[in-house]
Amino acid sequence: MSAEPAGGGLRAAFAADRFAVTAEIGPPRGADAEAVTRKAELLRGWVDAANVTDNQGANARMSSLAGSLLAQRAGVEPVMQLTCRDRNRLALQSDLLAAGALGIPNVLLLTGDHPRFGDHPEAKPVFDLDGVQLVWTARTLRDDGVLISGRAVSPRPAWSIGTVENPFAPPLGFRARRLAKKVAAGAEFVQTQYVFDFDIFERWMADLRDLGVTERCKIIAGVGPIRSLRALEYMRTSVPGVHVPDHVDRRLRGVPADRVAEEGIQMCVETVQRLATIPDVAGVHLMALGYEHGVPDILRRAGVPRPPTALSDHNRNHSMEGIGHAR
């Protein structure tokens, strides 16, 4: 039996034009249901939905489908991730149908990192479909009730369809058009890679407006705290697609070692606040794997309003003014 997600979930946030917040739950490397439940309980009431990652970084973990069910039981609306890396079109459609049958309200569809980046580099990559084709497959399955084979399915699933995009990957001029293809295929919301460079991000947003994408797709900008110099170096050199400008590096290296974590959190707070002022940014995707307990503090400090029914009496005593009036 699933608990009712606090705050109404992602669709409710979009429908109310409320600044949406999503986060991430990384399933464990083991058969530990409580590991997912503990993370979900830290996020419950603070996020509209939480991505349950699908073998993130091409590392073997509990499945996103199982993690999504556990998060939903704990009262957090899941976004089930599904990558093309590990499955052919039969398995992808099967998992999409399973998500619909089990009441998973959102799916996030992506190509996925190559296995060579993960803990099984000898694994054979599948990539039978790419991210755009998978979005089209999901939209056709849901809206037309038809499999890729042409055979009908009944009843149809009813999840929302999400995708991902990286505004900072070269060639920069192609990134908006790439998302436009995914939106034409059926994507209804997008979560981006970490935003550290506002000049590039705002140019990307302007390109999306010119293409009419923002009228058809909700843009959720990726954010996250860099809490150590080791994490900074790893993000700059080892995470595909992440662009960390020099000024971020200088700021974090310019404080005493025992202040780096707090400075990284403050930068994340400032990033959320600035993103909330950019037209057509519908929310933030807070990537804080391993730091889920810090998500409420970041959102509170950034002034992100949460639905009153989603918060405990203690949390409602904190001032939540700011972002709701900045948009």
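Look above for the structure.
Residues numbered from 1 in each chain as written. Predicted model: local features only at pLDDT ≥ 70, side-chain atom pairs only at ≥ 80, totals over all residues. Heavy atoms only, no water.

Caption draft 1: Here's a closer look at the state of the cysteines. Taken as a whole and judged by the stated rule, the model has 0 disulfides. With no disulfide partner, Cys-217 has as its closest neighbouring cysteine sulfur the one in Cys-84, 17 Å distant. Residue Cys-217 is classed as buried on the basis of its relative accessible area, which comes to 3%. (Disulfide = S-S within 2.5 Å. Buried < 20%, exposed > 50% of the residue type's maximum accessible area, 1.4 Å probe, protein only.)

Caption draft 2: Quick look at the layout of surface pockets. Its boundaries defined by the atoms lining it, the largest pocket holds a volume of some 1600 Å³. Considering the residues around the largest pocket, the lining is formed by 50 residues, among which Asp-113, Gln-193, Tyr-194, Val-239 and Pro-240 are closest to the centre. Contributions of two or more residues to the lining of the largest pocket are made by strand E3 (78-83), strand E4 (106-110), strand E5 (160-165), helix H6 (172-185), strand E6 (189-194) and helix H8 (229-238). Its residues placed into classes, the lining of the largest pocket shows 19 nonpolar, 21 polar and 10 charged. (1 Å grid on protein atoms, 1.4 Å probe; cavity = no way out; pocket = protein on both sides within 12 Å on 5 of 7 lines; lining within 4 Å. Points joined across faces, edges and corners; volume = space filled by probe spheres on them. Helix = DSSP H or I, 4+ residues; strand = E, 2+ residues; numbered from the N terminus. Nonpolar A, V, L, I, M, F, W, Y, C, P; charged D, E, K, R; others polar.)

Caption draft 3: Highlighting the nonpolar core. Core analysis: the biggest nonpolar cluster contains 50 residues, and Phe-201 and Leu-275 have the highest contact counts within it. In terms of residue count, the dominant contributor to this core is helix H7 (residues 198-211) (6 residues). Setting aside anything within four residues of it in sequence, one finds Phe-201 in contact with Pro-167, Phe-168, Thr-192, Val-195, Ala-221, Leu-275, Ile-278 and Val-281. In terms of nonpolar packing, the next biggest core, distinct from the first, is built from 19 residues, Met-80, Cys-84, Ala-138 and Ala-185 among them. (Core = buried A, V, L, I, M, F, W, Y, C linked by side-chain atoms within 4.5 Å. Contact = heavy atoms within 4.5 Å.)

Caption draft 4: Quick peek at the sheet that holds strand E8 (residues 281-286). Taken together, 8 strands build a closed barrel; the order of strands is E1-E2-E3-E4-E5-E6-E7-E8 and the barrel is parallel. Neighbouring strand axes in the sheet, compared pairwise and without regard to direction, differ in orientation by 30 degrees on average. Along the sheet, helix H3 (residues 64-73) contacts strand E1 (20-25), strand E2 (49-52) and E3; its crossing angle with E3, the most-contacted strand, is approximately 180 degrees. Contacting E5, E6, strand E7 (218-223) and E8, H7 crosses the sheet at an angle of about 170 degrees to E7. (Pairing = 2+ DSSP bridges. Axes fitted to C-alpha atoms, helices over the stretch in contact; angles between N-to-C directions.)

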